[in-house]
Amino acid sequence: MPGLLHNHIAVVTGSGSGIGRAIAFGFAREGAHVAVLDVNGDAAAAAVRDIRDVGGKAQHFAVDVTDRAACRAVAAEVAGKIGTVSVLVNNAGINRRNAFVADADAVIKDWEDIMAVNLNGLFNITHAFLEPLRASKGRIVNIASIQSFVHVRTPNSPAYTTSKHGVLGFTRALAAELGRDGVRVNAIGPGFIETPLNEKVRASNPELIKIFLDHTPLGRAGKPEDIVGPALFLASDLSAYVTGAIVMADGGYRAI
Ligand SMILES: NC(=O)c1ccc[n+]([C@@H]2O[C@H](COP(=O)([O-])OP(=O)(O)OC[C@H]3O[C@@H](n4cnc5c(N)ncnc54)[C@H](O)[C@@H]3O)[C@@H](O)[C@H]2O)c1
């Protein structure tokens, strides 16, 4: 039986690590040819090797999503080497945990860096792949957060919360505009997922885990694989009449 993404070409940004890497694997397993994009070219290449080892189709591309010209160049490269992209997962993202009242230089740097990757990067890549996505009546899946709605009580930067509210706003704006072209645009709202993004804070601040788990009905932290099912749903025909939505994959965090 053909996979859910048979005949699709999928771009996943930040797929050298964590959630993006798991999504790239899940998409390849379901038949997509996956373009693994990451600023860390070695990590992207390693992900591609592992996907190919289990019989999947993938190619890696090193790109910094904050660089608009590089995003345009990689879109042309993907078109030339693989073909017309029909699925885009905007997953690349960073976080820092300085409070707004922390050292001013640190707060300003956090703001600039987080906006550059989480919002400008989202814009740059989506704009670069707009043509093939319209031509293929494609699907865009943006990785948002519980912080698209709330500022979590654990140490966290206002910049991250602001950026993830922006991801949801962008999702809704594009869903409204691109629906008539047959392009669907949705988001996923992960809760606390154990990835390299939060490795340090998990090691240094067990209290943080406790605060999350106390507020999570399923009583455990998430794994990158927990995001694969929602991503497959939103990228495939299973969600043919779904656009402008956010699927929460947060163990129930936002429900209580
Ligand atoms: N881990 C969580 O708890 C959690 C929760 C909610 C949302 N998210 C979001 O999920 C996404 C993935 O996070 P993760 O936890 O897998 O993190 P991660 O650090 O494991 O992976 C992020 C990947 O993005 C890449 N990246 C960073 N900056 C980039 C840039 N400028 N250009 C291209 N690639 C870049 C990194 O090299 C890395 O491979 C992020 O958008 C994050 O905000 C994570």
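Let us look at the structure shown here. The shown structure was predicted, so the numbers you read here are calculated from the model rather than taken from an experiment. (Residues numbered from 1 in each chain as written. Predicted model: local features only at pLDDT ≥ 70, side-chain atom pairs only at ≥ 80, totals over all residues. Heavy atoms only, no water.)

1. Considerations on the packing of helix H1 (residues 18–29) against helix H2 (residues 41–53)
Defined as follows: Note on definitions: angles span 0 to 180 degrees between N-to-C directions of axes, and those axes are lines fitted to C-alpha atoms, for helices only across the stretch in contact. What counts as a helix is a DSSP run of H or I of at least four residues, what counts as a strand is a run of E of at least two, and both are numbered from the N terminus. Under this scheme an angle from 65 to 115 degrees is roughly perpendicular, one under 35 degrees roughly parallel, and one over 145 degrees roughly antiparallel; angles in between are oblique. Crossings are classed by handedness, with left-handed meaning an anticlockwise turn of the near helix from the far one by less than a right angle and right-handed meaning a clockwise turn. The criterion used for residue contact is that any of the two residues' heavy atoms lie within 4.5 Å. Amino acids outside the nonpolar list (Ala, Val, Leu, Ile, Met, Phe, Trp, Tyr, Cys, Pro) and the charged list (Asp, Glu, Lys, Arg) are all regarded as polar, and Gly is one of them.
In the contact formed by H1 and H2, the axes pass within 10 Å of each other and the chain directions differ by 30°. In terms of orientation, H1 and H2 fall into the roughly parallel class. In this structure, H1 meets H2 at a crossing whose hand is right-handed. On H2, the residues touching Arg21, Ala24, Phe25 and Ala28 of H1 are Ala46, Ala47, Asp50 and Ile51. Partitioning the contact of H1 with H2 into residue classes produces 6 nonpolar, no polar and 2 charged.

2. Side note on the layout of surface pockets
Quick note on the threshold: Only protein atoms enter the 1 Å grid, on which a cavity is a set of points fitting a 1.4 Å probe that cannot get out and a pocket is an open set with protein on both sides within 12 Å along at least 5 of 7 lines, lining residues being those with an atom within 4 Å of a point. Grid points are joined across faces, edges and corners, and a volume is the space filled by probe spheres set on the points.
In this structure, the largest pocket encloses a volume near 810 Å³. Residue lining of the largest pocket: 40 residues in total, with Asn91, Ala92, Gly93, Ile94 and Leu197 positioned closest to the centre. Residue assignment for the lining of the largest pocket shows that the elements contributing at least two residues are H1, strand S2 (33–38) and helix H6 (158–178). Looking at the lining of the largest pocket, the element that brings in the most residues is H1, giving 3 residues. For the lining of the largest pocket, the residue count by class is 19 nonpolar, 17 polar and 4 charged.

3. Details of the site of the ligand
This is how it is decided: Think of it this way: one heavy atom of a residue within 4 Å of a molecule or strand is enough to make that residue near it. Polar contact is the term for a pair of N or O atoms within 3.5 Å; when the atoms are in protein, one must be able to donate a hydrogen and the other to accept it, and sequence-neighboring residues count only if both atoms are side-chain atoms. Only the protein chains shown count as cover for residues, and the accessible areas themselves come from Shrake-Rupley with a 1.4 Å probe. To decide whether a molecule occupies a pocket or cavity, check its atoms: if more than half lie within 2 Å of the grid points, it is inside.
Taken together, the neighbourhood of the ligand is formed by 28 residues, with Ser17, Asp38, Asn91, Tyr160 and Thr195 sitting nearest. Take Ile19: an N or O atom from its main chain is 2.8 Å from an oxygen atom of the ligand. When isolated, the ligand has an accessible area of 830 Å², and the protein chains bury 91% of it. According to the grid-proximity analysis, the pocket containing the ligand is the largest pocket.

4. Side note on unusual backbone geometry
We apply this condition: Burial status follows relative accessibility: with a 1.4 Å probe on protein chains alone, a residue under 20% of its type maximum counts as buried, one over 50% as exposed, and anything between as partly exposed.
If you check the backbone angles, Asn7 has positive phi at about 75° while not being a glycine. Along the chain, the position of Asn7 falls in the segment before strand S1 (9–13). In this structure Asn7 comes out as exposed when scored by relative accessible area, which is 69%.

5. Some thoughts on the packing of H1 against helix H9 (residues 228–235)
For the pair H1 and H9, the least separation of the axes is 9 Å and the interaxial angle reads 55°. With respect to H9, the element H1 is oriented oblique. As H1 runs across H9, the sense of the crossing is right-handed. Across the interface between the two elements, Ala22, Ile23, Gly26, Phe27 and Arg29 from H1 touch Val228, Ala231, Leu232 and Ala235 from H9.

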